[in-house]
Amino acid sequence: MTTTTTTTATTTTDDGREVTCSAPVNIAVIKYWGKRDTALLLPTNSSLSVTLSQDHLRSTTTVRCSPALARDRLWLNGVEENIAASRRLRNVLGDARRLRAAAEAADPALPVLSTQALHIASRNNFPTAAGLASSASGFACLTYALYALFDLHAAAAVSLSDVSKLARVGSGSACRSLFGGFVAWDMGVRPDGADSMAVQIAPEAHWPDMEALILVVSDARKDTGSTEGMQLTVESSPLLQHRIAHVVPARMQRMIRAVTDKDFDAFAEITMADSNQFHAVCLDTFPPIFYMNDISRGIISLITAYNNLFLSAPAPAGSDATSTRRGYRAAYTYDAGPNAVLYIRREHVAEVVALINHFFPAPAGASDEYYGRAASFMSESETARVVADLAAKISANAPGFATPYPAGSLRRIISTHVGDGPRLLATGNDAEISLLDAQGLPK
């Protein structure tokens, strides 16, 4: 297992101490939905996710402490937020300060940072609260920045899994963004949450040909936030109780095995099944919660029809196969929002991009931003004849695909791959990187 640690102390000046970090998005393939403790953010079940590359999706955070600052302040995407109104934010700051204060008490030679005010500026390069895991990357980034600012690795012997517990009290799934690659969040059993933490199952280099396409259906804020939605489900869904007790434990073991063995068929089948059940649980909530829309369901139908062109016959009942069928080309998954995440092996990305373009055409005059990195696969696309043949078969076999969806049904396509954990970008006030100016105010 690999981890990312910070061993270099931040620069200190008369004006204060500052670090800038970035952290990735993670997209779960075994979903977390529901808390058994809403104060400590302890989950009702374990979960497993894939960390996506920060080269394409990331949160960036600058944190500064100084005796010259009057009070804690935070700016998110340039807008000042009310720290006092956010219990989770207060908890993260308070816990980080307590760890630093304990280190200072044990070693009087350490500079006293725990009592200094903080200025924090954070920015996402993707829409916030639109079902793209912005809270996970944001709180992971803040926590990692505090870890670096307070030098907790060296001063307090705090491990990255310990930091993941700190991130968890900000946003549950944030704990998984403290690692790259494939990451499990062990739900733990202790009531104080001491054993509820993230662990890396495999590093980012483990499965080098695993790619992801994010089909952005909507970048609008969700009608029902994840925090509100999952607690409604806990209170009202019998299906969730069945999922917690009888489905997720076995599914976690199968998924860990699929990742370890790089078995894409098992990975794809489990990923899609778990996404389906997660949204079934949302529908089983009273009143029901709807995160997907018609475009979302259309993408599911397309990927199902595409896979069906290549799938083998189901495995015999009672076999030891980790998936019931072989030949999957793509896997869909949806978090609490309408946007699809497709996991695909690199050899099939060009084909999938071409089919998406055929059935969900780009808006007229689409800019380079619409395709981003996906444009690099378009030049490698299958010949028009092969793509046309696949599209014709899908149209013939899948109801609803006789004609393409209206142009512009997708807002954009984000192409990425499995990535690393948080990065320390700068120590001290770096004019090129820092989100704060020399006075500690947002640029």
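Note that the structure is predicted; figures quoted are calculated from it, not measured.

The rules behind the values
Residues numbered from 1 in each chain as written. Predicted model: local features only at pLDDT ≥ 70, side-chain atom pairs only at ≥ 80, totals over all residues. Heavy atoms only, no water. Helix = DSSP H or I, 4+ residues; strand = E, 2+ residues; numbered from the N terminus. Rg over C-alpha atoms; globule rule 2.2 N^0.38 Å. Buried < 20%, exposed > 50% of the residue type's maximum accessible area, 1.4 Å probe, protein only. Contact = heavy atoms within 4.5 Å. Lys, Arg positive; Asp, Glu negative; His and termini not counted. Charge placed at Lys NZ, Arg CZ, Asp CG, Glu CD. Core = buried A, V, L, I, M, F, W, Y, C linked by side-chain atoms within 4.5 Å. Axes fitted to C-alpha atoms, helices over the stretch in contact; angles between N-to-C directions. Parallel < 35°, antiparallel > 145°, perpendicular 65-115°, else oblique. Left-handed = near helix turned anticlockwise from the far one by under 90°. Nonpolar A, V, L, I, M, F, W, Y, C, P; charged D, E, K, R; others polar. 1 Å grid on protein atoms, 1.4 Å probe; cavity = no way out; pocket = protein on both sides within 12 Å on 5 of 7 lines; lining within 4 Å. Points joined across faces, edges and corners; volume = space filled by probe spheres on them. Phe/Tyr/Trp six-rings, centres within 6.5 Å; stacked < 30°, edge-to-face > 60°. pLDDT = per-residue confidence, 0-100.

Caption draft 1: The overall build of the chain, seen in detail. Helix and strand counts for the chain stand at 12 helices and 17 strands. In terms of C-alpha radius of gyration, the chain reaches 22 Å, essentially the compact-globule figure of 22 Å for 443 residues. Considered along the principal axes of its C-alpha atoms, the chain spans approximately 75 × 50 × 40 Å. By residue count, 54% of the 443 residues in the chain fall in the buried class. Residue pairs at least 24 apart in sequence account for 76% of intrachain contacts in the chain once pairs closer than 6 positions are excluded. Side chains of the chain give 39 positive and 43 negative charges; the mean places of these two sets differ by 3 Å.

Caption draft 2: Just the nonpolar core, in detail. By size, the foremost hydrophobic cluster in this structure holds 74 residues, and its most contacted members are Phe267, Ile299, Leu342, Tyr343 and Leu410. Excluding anything up to four places from it in sequence, Leu342 contacts Glu211, Ala212, Leu213, Leu215, Ile299, Ile303, Ala331, Tyr332, Val352 and Ile356. In this structure, Cys141, Tyr147, Leu149 and Val158 belong to the second largest nonpolar core, which totals 49 residues.

Caption draft 3: Focus on the packing of helix α6 (residues 238-261) against helix α7 (residues 264-284). Where α6 meets α7, the closest approach of the two axes is 10 Å, and the angle between their N-to-C directions is 165°. The angle between the axes of α6 and α7 places the two elements in the roughly antiparallel class. In the packing of α6 onto α7, the handedness of the crossing is left-handed. Across from Pro238, Leu239, Leu240, Arg243, Val247, Arg251, Arg254, Met255, Ala258 and Val259 in α6, the residues of α7 making contact are Ala266, Phe267, Glu269, Ile270, Thr271, Ala273, Asp274, Gln277, Ala280, Val281 and Asp284. When grouped by side-chain class, the residues that make up the contact of α6 with α7 number 13 nonpolar, 2 polar and 6 charged.

Caption draft 4: The layout of surface pockets, seen in detail. Put simply, the second largest pocket is a space of about 250 Å³. Lining the second largest pocket we find 13 residues, and of these Asp95, Leu99, Asp162, Lys165 and Leu166 sit closest to its centre. Counting residues per element, the ones that place at least two in the lining of the second largest pocket are α1 (87-106) and α4 (160-168). A class-by-class count of the residues in the lining of the second largest pocket yields 6 nonpolar, 1 polar and 6 charged.

Caption draft 5: Structural context of the packing of aromatic side chains. Taken as a whole and judged by the stated rule, the model has 14 aromatic pairs. With 4.6 Å between their ring centres and 25° between their planes, Phe360 and Tyr405 make a pair best called stacked. Note that Phe360 is positioned in the loop between α9 (346-359) and α10 (368-371) and Tyr405 in the loop between α12 (384-397) and β16 (412-417), a separation of 45 residues in sequence. Using a relative accessible area of 0% as the deciding quantity, one classes Phe360 as buried. Ring pairs connect the aromatic residues Phe182, Trp207, Phe264, Phe267 and Tyr343, which therefore count as one cluster.

Caption draft 6: Quick look at the confidence of the model for the chain. Summing up the model confidence of the chain, the mean pLDDT is 91 and the portion of residues at 70 or higher is 91%. Confidence drops under a pLDDT of 50 for residues 1-9, and excluding neighbours within four residues, the segment shows 20 contacts in the predicted structure.

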